[in-house]
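A closer look at the structure
Below, each chain spelled out in residue letters.
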Amino acid sequence: MDLDYGSLAELVALAEARGGTVSELVLEQQAEQLEESQEQLYERMREQYKVMEASAAQGLKEGVRSASGLTGGDAHRVRQRLEEGRSLCGPVFAGALARAMAVAEWNAAMGRIVAAPTAGACGILPGTLLSLRQALGLGEREVVMALFTAGAVGLVLSGHFQLAGAKGGCQAECGAASAMAAAAAVELAGGAPFMVENAVAIALKSSLGLVCDPVAGLVEAPCIKRNAAGTATALMAAELALAGVASLIPADEVMQAMKRVGDAMPPALRETAEGGLAATPTAKRLYERVFGKGCEACGACAGE
Amino acid sequence: MNVFDIIGPVMIGPSSSHTAGAVRLGLVARQLLGGEPVEASIGLCGSFARTYKGHGTDRALVAGILGLRQDDERLRGSLELAAQRGLKLSLREVELEDAHPNTAVIELTDAKGKSVRLEGASIGGGNVRISRVNGLPAVFTGERPTLLVLHRDEPGVIAAVADRLSRQGANICSFQLARLQRGGLAVMTIEMDAGVPERMDEGLSTLPQVLSCTYLAPI
C-alpha cells in the first residue's frame, strides 16, 4: 500500500477515498509493513490497551506517591469529587482528567505504563479514551482500533520532529499526545476522517509553544497536570471538529510550525530544568528537598 | 518506525532515559558477565549522578543487573530484591571526561571471582550506547546480536573472524576495531543482523589469535 505517513492530509484523503476509517487503513498498512496478520497486530495493540487500563486503575487508587515524594493522590481527589456528583464539567471531562492524571501519577510512582508517545505524556491518550469508552458505552474493539488512528497521527508528527521534550519542548510530548487523542476521540464519536485532520490541527495549535520545564528535572511537576491539560485540549479539539469546525491552517502546516517553534526554543526550556517553572525559587527548594547535596538518603551503600 | 514505536513501549516509569535506558544498561552488563553477579559496583556520572534518586535510576540499573526487563513491575523493589538475593551493592559518583550526561559505569563480579566492567550511556527514548568494556573502547547499542572479540593484533585476524561469521550465516552491520598498540591487545565489536545462531562465539574462540569472545543477545 502506498502510504508513508509523510502527510496527514494524504492519509485522510486515502481513508476518505476508501470510504472507511483512518484506523482500518492504518491497521491494514501496518500489517503489510510489519509482515504480520491484521489479527496479530490488533492483539498487540489490545495488549497495550490493557496496560493503559491497568495503569489508570492503579493510579486512581488512594495513596499513590512518586519515588521523589513530590506528587501523587491528585487523580484520586478529582475522581472523588466526580463520584460525589459535584463535578463542574461532568463525567466525560472530569473522568478524562482524573484518568490522565492517574496514569501520569502512576508513571511517576514507577508504575507500568505505555509511553504514548512518551512516558512524560503517557496519561493523555488513556485518559481521553477510557473516559469516552465509559461515557459512550463503547466496546473494547472500537477503542483499541482508535489507538491505530492515534498511532498514525504520532507517526506523521514524528516525521516532522523528534517527539521529545529535550528536542521540541512539551509541545512535542503533551502537544503530540493531545493531537493523537483528539484524532482517536473524533473517530470514536463517529466523525469522518476529514474531522480527524481538523481535530489534530486544532489540538496542535492549542499546544504550540508549550515549554518543557520539569521541576527538579523530574517527570512530575508540571507534567502530571499538563497531562490533564492535554486531555482537556484533546476533548476540546474533538468537540469542535465534530461540530464541523475547520482549522484555517491545515494540520500538516501546523506540524511544520511546531517544528520551527521547537527549534526556536532556548535550551533552558527544553527539559534541562534550567528555565520556566524549574527556575522558580520554589522549584529550587524542591530540588534540594529531593536530592539534597549528598547521597546519604539512598541507602544502597549502607552497611559498608 | 511503526505504530508501536508511538503507542509504546510498555515500561516502568517515570522516564525512558532515566529508567528504561538504565535497565538496559544493567541488562547488558549482566549479559557481559554471563552469570549471576554477587557483587555490583555502580558509578554514576553527570545527570545520572545528580538525579538518580528522584528518577529511580539506581533501582532501574539494579533491576537490569538482576535480569529484570524494562516493563517488569518488580523494578520498583529491585534494591530489596538485590538484598534478598545476596547481591553486594555499592553506588558512587564518578567524573568522566567527555562522557554523555547519563553515563553509568557498572562493575560486576560473579561467585567465581570473574568480573566485568562496562561504561555506557542512556541516550534517550530508552536507547543506550555502550562505550567501553573492561577498559577497552567498544561502541554498541545492545539492540542487535553483538560479538566482542578480544584478540592479539596480527595480520589476517579480521579476515579469519569475518570468514567464520559468514560461514555461520551472519550479516555484519557494524564493525569496529580498537587496538591498544601494534602487535598488542585489540578488540573487535561486531554487530549483526537478527537471525544469527546462538553461541556463535564458540566458533571464534578456537582461532589462535583470539583470546576471548563474548556473544551478547539483543535486549
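None of these values were measured; they are calculated from a predicted model. (Residues numbered from 1 in each chain as written. Chains lettered and ligands numbered in written order. Predicted model: local features only at pLDDT ≥ 70, side-chain atom pairs only at ≥ 80, totals over all residues.)

Re the overall build of chain B
When you go through chain B residue by residue, the secondary structure sums to 7 helices and 11 strands. For 219 residues, the compact-globule estimate of 2.2 N^0.38 gives 17 Å, and chain B sits close to it at 18 Å. Referenced to the eigenvectors of the C-alpha coordinate spread, the extents of chain B come out at roughly 50 × 40 × 35 Å. When burial is assessed residue by residue, chain B has 47% of its 219 residues classed as buried. Across chain B, every contact between residues at least 6 apart in sequence was considered, and the portion connecting residues at least 24 apart equals 67%. (Helix = DSSP H or I, 4+ residues; strand = E, 2+ residues; numbered from the N terminus. Rg over C-alpha atoms; globule rule 2.2 N^0.38 Å. Buried ≥ 20, exposed ≤ 12 C-beta atoms within 10 Å, placed from the backbone. Contact = placed C-beta atoms within 7 Å.)

Describing the nonpolar core
Core analysis: the largest hydrophobic core is formed by 171 residues, its most contacted members being Ala182(A), Ala183(A), Ala184(A), Ala199(A), Val200(A) and Ile106(B). Ala184(A) has contacts with Leu125(A), Thr128(A), Leu129(A), Ala146(A), Leu147(A), Thr149(A) and Ala150(A), leaving out every residue within four places of it along the chain. (Core = buried A, V, L, I, M, F, W, Y, C linked by C-beta atoms within 7 Å.)

A word on unusual backbone geometry
Of all residues except glycine, most have a negative phi; of all peptide bonds, most are trans. Cis geometry marks the peptide bond from Ala221(A) to Pro222(A), where omega comes out at 5 degrees. For Pro222(A), the location among the structural elements is in the loop between α10 (193-207) and α11 (223-242). Backbone geometry places Ala216(A), a non-glycine residue, at a positive phi of 60 degrees. Positionally, Ala216(A) belongs in the loop between α10 and α11. Here Asn134(B), not a glycine, exhibits a phi torsion of approximately 50 degrees, which is positive.

Description of the environment of Ile130(B)
Structurally, Ile130(B) is set in strand β6 (residues 127-133). Other than its neighbours up to four places away in sequence, Ile130(B) contacts Val28(B), Leu118(B), Gly120(B), Ala138(B), Val139(B), Phe140(B) and Gly142(B).

Points about the sheet that holds strand β11 (residues 210-216) of chain B
Residues and elements named next belong to chain B. Strands sit in the order β9-β10-β8-β11 across an open sheet of 4 strands; the sheet is antiparallel. Each having just a single partner strand, β9 (172-179) and β11 make up the two edges of the open sheet. In this sheet, neighbouring strand axes are inclined to one another by 15 degrees on average, regardless of whether the strands run parallel or antiparallel. (Pairing = 2+ DSSP bridges. Axes fitted to C-alpha atoms, helices over the stretch in contact; angles between N-to-C directions.)

Comments concerning the sheet that holds strand β5 (residues 115-124) of chain B
Residue and element names in this part refer to chain B. If you trace the 6 strands from one edge of the open sheet to the other, you get β3-β2-β4-β5-β6-β7, paired in mixed fashion. Only two strands of the sheet have a single partner each, and these edge strands are β3 (88-93) and β7 (136-140). Mean inter-strand twist for the sheet, computed between neighbouring axes without regard to direction, equals 20 degrees. Sheet analysis places strand β2 (residues 37-44) next to strand β4 (residues 103-110), joined by 7 bridges and oriented antiparallel. Following the sheet pairing, Ala-40 is matched in β4 by Leu-108. Sheet strands touched by helix α4 (residues 57-65): β2, β3 and β4. Its angle to β4, the strand with the most contacts, is close to 40 degrees.

Brief notes about the domain arrangement of chain B
Under the domain assignment, chain B is made up of domain 1 (3-134) and domain 2 (146-216). Domain 1 of chain B and domain 2 of chain B are separated by 26 Å when their C-alpha centres are compared. (Domains from an automatic or database assignment.)

Considering the interface of chain B and chain A
With 32 residues of chain B in contact, the opposing surface of chain A contributes 45 residues. Put simply, the parts of the chain that give the side of chain B that touches chain A at least two residues each are α1 (3-6), β1 (10-12), α3 (46-55) and β3 of chain B. The dominant element in the side of chain B that touches chain A, judged by the number of residues it contributes, is α3(B), at 5 residues. Its residues assigned to classes, the side of chain B that touches chain A comprises 14 nonpolar, 12 polar and 6 charged. Relative to β1(B), strand β1 (residues 112-114) of chain A runs antiparallel, the two being bridged by 3 bridges. By the bridge assignment, Val114(A) is partnered in β1(B) with Val10(B). (Nonpolar A, V, L, I, M, F, W, Y, C, P; charged D, E, K, R; others polar.)

Comments concerning the pairing of β5(B)
For a regular strand, side-chain orientation follows a simple rule: the groups alternate between the two sheet faces. Residue and element names in this part refer to chain B. Two elements, β4 and β5, share 7 bridges in a ladder whose sense is antiparallel. Residue pairing in the sheet places Thr-103 in a bridge with Ala-121 of β5. Adjacent in sequence and paired antiparallel, β4 and β5 are bridged by 4 residues, among which Gly-113 carries a positive phi angle near 95 degrees. With 6 bridges joining them, β5 and β6 adopt antiparallel strand pairing. The residue bridging Glu-119 from the neighbouring strand is Arg-132, located in β6.

Quick look at the packing of helix α4 (residues 74-83) of chain A against helix α5 (residues 91-108) of chain A
Residue and element names in this part refer to chain A. One way to put it is that α4 packs onto α5 with a least axis distance of 8 Å and a crossing angle of 160 degrees. Taken together, α4 and α5 sit at an angle that is classed as roughly antiparallel. Handedness of the α4/α5 crossing: left-handed. Where α4 abuts α5, its residues Asp-74, Ala-75, Val-78, Arg-79 and Leu-82 lie against Pro-91, Ala-94, Gly-95, Leu-97, Ala-98, Met-101, Ala-102 and Glu-105. Of the residues contributing to the contact of α4 with α5, the split by class is 9 nonpolar, 1 polar and 3 charged. (Parallel < 35°, antiparallel > 145°, perpendicular 65-115°, else oblique. Left-handed = near helix turned anticlockwise from the far one by under 90°.)

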